[in-house]
Amino acid sequence: MIRLLIVDDHPAMRAGLTAVLRAEPGIIPLGTASSEEDLIPTLNRTKPDVVLLDYHLPGADGLKLCRRLKRAVPAPAVLLYSAYADGAMVVPAILAGADGVLNKSAPAPELFDALRAVARGDRVLPPVPRELLEAAGTRVDPEDLPILAMVVDGTPVVEVAEALRVEPIDVSRRLDVMIERLRVEIAAV
Amino acid sequence: MTGRRGERERDRRALPALRGSQRWFALLTMTRLLGAVLAIALLLAHRVTHHDPILALVTLAWTPLSLLLLGRTQDAPWAPAIWALDACAAFALVLAGGDWRSPFYTFALTTLVLPATSLPWRKAVAWGLTFSLAYGIVALLTEKLPDDTLTNTIRLETLATHLFVPVIVTTTLAYSSLLLERLRTARGQSERLALQAERQRIAWELHDSAKQRVHAAHLMLTALDGAVAGEQGRLLVDGAIGELRAATSDMETSVAELRTPLDGRPVDELLRERAKELSRTGVARIDVTGRLPVLPPLVAAHTYRIAAEALTNAVRHAGCQAISVTLADGADAVTLTIADDGVGMPAQPRPGGHGLRSMRGRAETIGAELHIGPGPGGRGTAVALALPHPGGSP
């Protein structure tokens, strides 16, 4: 059983997702939230396994919320759900700790599979094209490049910190800075 | 209401751009008529020469004739030759008067208006200096040596004034013209920015609201997969899903269009860029040959989208190795041909494939002829677009 929380600012999307996911065996939508303020109390009350998170929310972007969700204990799996067609958001999504990224134009069975996969602990991320990673590399601080490379490779933050002999909180801070830098491009879309 | 107001506003804004050169011509007409009246009045009031009435008649005839000639040739590339001719005619009148302190001086000054306001400012100032120099020569040719020093001083002073005024007039006019031009550029820029902001807003609304609803509907329909019984029902659902996908891709195109309009860049340059982008995917080699003339903005936008869609189709569906884009600026029509060496058109259109329909719609909008069929020698697909020539009647 996958206990799921849906976060999307658009009513049509919330209603559609709830209806579709309720009908799918093995997935239980616990509730919906439309904003950051909405999300935190619902999260504390329902303790979901998976959060299906819209990338663009009013007042807060999905990346920041994703970071926040992944800091919760126990942290839910997060599937970023986005209407952006391009792959530019995959790198920042990985840095934000998202377990998966899915385009909103994907058919329902693909959504079900992605939700099951992230609930199992798998990552559902499209392969990061070389050019995209290189482009991201030019936008971050050169000293952050090792962190970028390791995180994109799937190394957990704690292990990155160990490898670099720094505190995990420092790695976290660097990640925040990198997300902020990479985010600009997406916001301008 | 707002539409009509918007139109009126646009008309008002379009005026200065249209009238920039006409305004300077109006100044020329005004000053030249004034100069002619002044010259004729002086000729008739004072006895200047033995042939004053003839000179007055010549002035009367030459003034409208010169204005007509200057007006007709104002925008021609060889207009400076006409301006020089005009100046020579004025100098001839001065010489005919027999004295550099001539009733035709003001008249001669008016020959500076068009060069000063049309030429780049450095050339304009050079023109003014040349005028002064030429006037100095005329003065030397018509000078009668004075007897005493006082008269001499007064003469020299008057001559200096005569020689300085053209330079001052030219510099002032050139400077005003430059300022007006800059003002117009700045206004154009701010208008473009406002338009850009509005486009961004519409793009955002399309993306944020309409597209989300379409996504929701698409998701719900795809969830029906397997739940719908019967061939008929499944066909309907598949059809609806195809339509929704097409709607999403239409919206993406519109959003992309709104966000990156052509911005006045030439279509052939953009097409070469797009071809390079698509070549990089490694599917097919794309060669672009020839060039296009400058097209009006709307025609340019649709032409580019039609060609870009044809290129995308060829790369995605034709299974081809090479695509050739041929651009030609013919005498009657501007043509674009996009030919590939792929599998050719499918007998049945692809479900949800609205590309061809939208290409036809665009072509119709701009009054162009679109022909889609087998490529040369019956291989592949060729898309040919023929636009009426932009230089022809509107």
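Being a predicted model, the structure only gives us computed values, none of them experimental.

(A) Fine view of the overall build of chain B. From N to C terminus, chain B includes 11 helices and five strands. Looking at the 394 residues of chain B, the share that counts as buried comes to 28%. When contacts within chain B are restricted to residue pairs at least 6 apart in sequence, long-range pairs at least 24 apart make up 71% of them.

(B) How the structure looks around the overall build of chain A. What chain A contains, in helices and strands, is nine helices and seven strands. Looking at the 189 residues of chain A, the share that counts as buried comes to 40%. When contacts within chain A are restricted to residue pairs at least 6 apart in sequence, those whose partners lie at least 24 apart make up 62%.

(C) Highlighting the interface of chain A and chain B. Contact with chain A, which involves 15 residues of that partner, is made by 14 residues of chain B. Breaking the side of chain A that touches chain B down by element, the ones donating at least two residues are helix H1 (11-22) and helix H5 (108-120) of chain A. Among the elements that line the side of chain A that touches chain B, the one with the most residues is H1(A), at six residues.

(D) View of helix H11 (residues 355-365) of chain B. Residues and elements named next belong to chain B. For H11, the complete set of buried residues consists of Gly355, Met359 and Ala363. On an axial view of H11, the arc spanned by its buried residues comes to 70°, and they lie on one face. Looking at H11, the residues exposed on the side facing more than 90 degrees away from the buried face are Arg357, Glu364 and Thr365. Against helix H10 (297-317), strand S4 (369-374) and strand S5 (381-388) lie the buried residues of H11. Looking at the residues trailing H11, positive phi occurs at glycine 367, about 65°.

(E) Seen up close, unusual backbone geometry. Of note, the phi angle at Lys47(A) is positive, near 45°, even though the residue is not glycine. By the C-beta count within 10 Å, which is 12 here, Lys47(A) ends up exposed.

(F) Examining the pairing of S4(B) more closely. Residues and elements named next belong to chain B. Two elements, S4 and S5, share six bridges in a ladder whose sense is antiparallel. Across the sheet, the residue bridging to glycine 373 is alanine 382, located in S5. Where S4 folds back on S5, the antiparallel hairpin that results is connected by six residues, among which glycine 377 adopts a positive phi of roughly 75°.

(G) Geometry of the sheet that holds strand S2 (residues 322-329) of chain B. All names here are of chain B. An order of S1-S2-S3-S5-S4 is seen for the five strands of this open sheet, with the pairing classed as mixed. Sheet topology places strand S1 (285-290) and S4 at the edges, where each strand pairs with a single neighbour. Across the sheet, the axes of successive neighbouring strands diverge by a mean angle of 10°, strand direction being ignored.

(H) Representation of the packing of H10(B) against H11(B). Residue and element names in this part refer to chain B. Interhelical geometry of H10 versus H11 gives an angle of 160° and a closest axis separation of 9 Å. Judged on the interaxial angle alone, H11 and H10 are roughly antiparallel. Considering how the two elements wind past one another, H10 and H11 form a crossing that is left-handed. In this structure, H10 uses His302, Arg305, Ile306, Glu309, Ala310 and Asn313 to contact H11, whose residues at the interface are Gly355, Ser358, Met359, Arg362, Ala363 and Thr365. Of the residues assigned to the contact of H10 with H11, the class counts are four nonpolar, five polar and three charged.

(I) Molecular detail of the environment of Arg183(A). All names here are of chain A. Within the fold, arginine 183 resides in helix H9 (residues 168-187). Under the C-beta neighbour-count criterion, arginine 183 is labelled partly exposed, with 17 such atoms within 10 Å. Sequence separation between arginine 183 and methionine 89 is 94 residues, and the spatial gap between their C-alpha atoms is 7.8 Å. Those residues in contact with arginine 183 that lie beyond four places of it in its chain are Asp61, Leu63 and Pro92.

(J) The environment of Lys211(B), seen in detail. Note that Lys211(B) resides in helix H7 (residues 149-223). Accessibility expressed as a C-beta count within 10 Å gives 21 for Lys211(B), which makes it buried. Along the chain, Lys211(B) and Ala247(B) lie 36 residues apart, while their C-alpha atoms are 8.4 Å from each other. With residues up to four places along the chain from it excluded, the contact list for Lys211(B) reads Ala83(A), Leu206(B), Thr248(B) and Met251(B).

(K) Structural detail: the sheet that holds strand S2 (residues 27-33) of chain A. All names here are of chain A. Strand order in the open sheet formed by five strands is S2-S1-S3-S6-S7, and the pairing between neighbours is parallel. Two strands in the sheet have a free side with no partner beyond their single neighbour: S2 and strand S7 (100-103). Here the strands of the sheet are splayed against their neighbours by 25° on average, with no regard to which way each runs. Where strand S3 (residues 50-54) lies against strand S6 (residues 77-82), five bridges are found, and the strand directions are parallel. Note that in S6 the partner of aspartate 54 across the bridge is tyrosine 81. Set on the sheet, H1 makes contact with strand S1 (2-7), S2 and S3; between it and S2 the angle comes to about 165°. The strands touched by helix H2 (residues 36-46) within the sheet are S1 and S2, with S2 carrying the most contacts at an inclination of about 145°.

(L) Spatial organisation of the environment of Ala96(A). Residues and elements named next belong to chain A. As for its position among the elements, alanine 96 is in the loop between helix H4 (90-95) and S7. Sequence separation between alanine 96 and leucine 63 is 33 residues, and the spatial gap between their C-alpha atoms is 5.7 Å. Those residues in contact with alanine 96 that lie beyond four places of it in its chain are Leu63, Cys66, Arg67 and Ile179.

(M) Layout of the confidence of the model for chain B. Residue and element names in this part refer to chain B. Taken as a whole, chain B shows an average pLDDT of 83; of its residues, 89% reach a score of 70 or greater. Residue range residues 6-18 is modelled with pLDDT below 50. Its contacts to residues more than four positions away, or to other chains, number two contacts. For this predicted complex, the interface score ipTM comes out at 0.80, alongside a pTM of 0.53.

(N) Region of the structure containing the nonpolar core. Leu52(A), Leu53(A), Leu79(A), Leu80(A) and Leu115(A) are the most contacted members of the largest nonpolar core, which has 57 residues in total. Considering every element that reaches this core, the biggest residue donor is H5(A), with six residues. Taken domain by domain, this core gets at least three of its residues from each of domain 1 (2-120) and domain 2 (130-187) of chain A. Among residues more than four places away in sequence, those in contact with Leu115(A) are Ile2(A), Leu4(A), Ile27(A), Val50(A), Leu52(A) and Leu79(A). Counting residues in each nonpolar core, the second largest holds 33 residues, with Val48(B), Phe104(B), Tyr105(B) and Val113(B) among its members.

(O) Fine view of the confidence of the model for chain A. Put simply, chain A has an average pLDDT of 86, and 94% of its residues get 70 or more. Scored below 50 in pLDDT, residues 185-189 of chain A makes five contacts in the model with residues more than four places away or belonging to other chains.

Parameters and conventions
- Residues numbered from 1 in each chain as written.
- Chains lettered and ligands numbered in written order.
- Predicted model: local features only at pLDDT ≥ 70, side-chain atom pairs only at ≥ 80, totals over all residues.
- Helix = DSSP H or I, 4+ residues; strand = E, 2+ residues; numbered from the N terminus.
- Buried ≥ 20, exposed ≤ 12 C-beta atoms within 10 Å, placed from the backbone.
- Contact = placed C-beta atoms within 7 Å.
- Arc of directions from axis to C-beta.
- Pairing = 2+ DSSP bridges.
- Axes fitted to C-alpha atoms, helices over the stretch in contact; angles between N-to-C directions.
- Parallel < 35°, antiparallel > 145°, perpendicular 65-115°, else oblique.
- Left-handed = near helix turned anticlockwise from the far one by under 90°.
- Nonpolar A, V, L, I, M, F, W, Y, C, P; charged D, E, K, R; others polar.
- pLDDT = per-residue confidence, 0-100.
- Core = buried A, V, L, I, M, F, W, Y, C linked by C-beta atoms within 7 Å.
- Domains from an automatic or database assignment.

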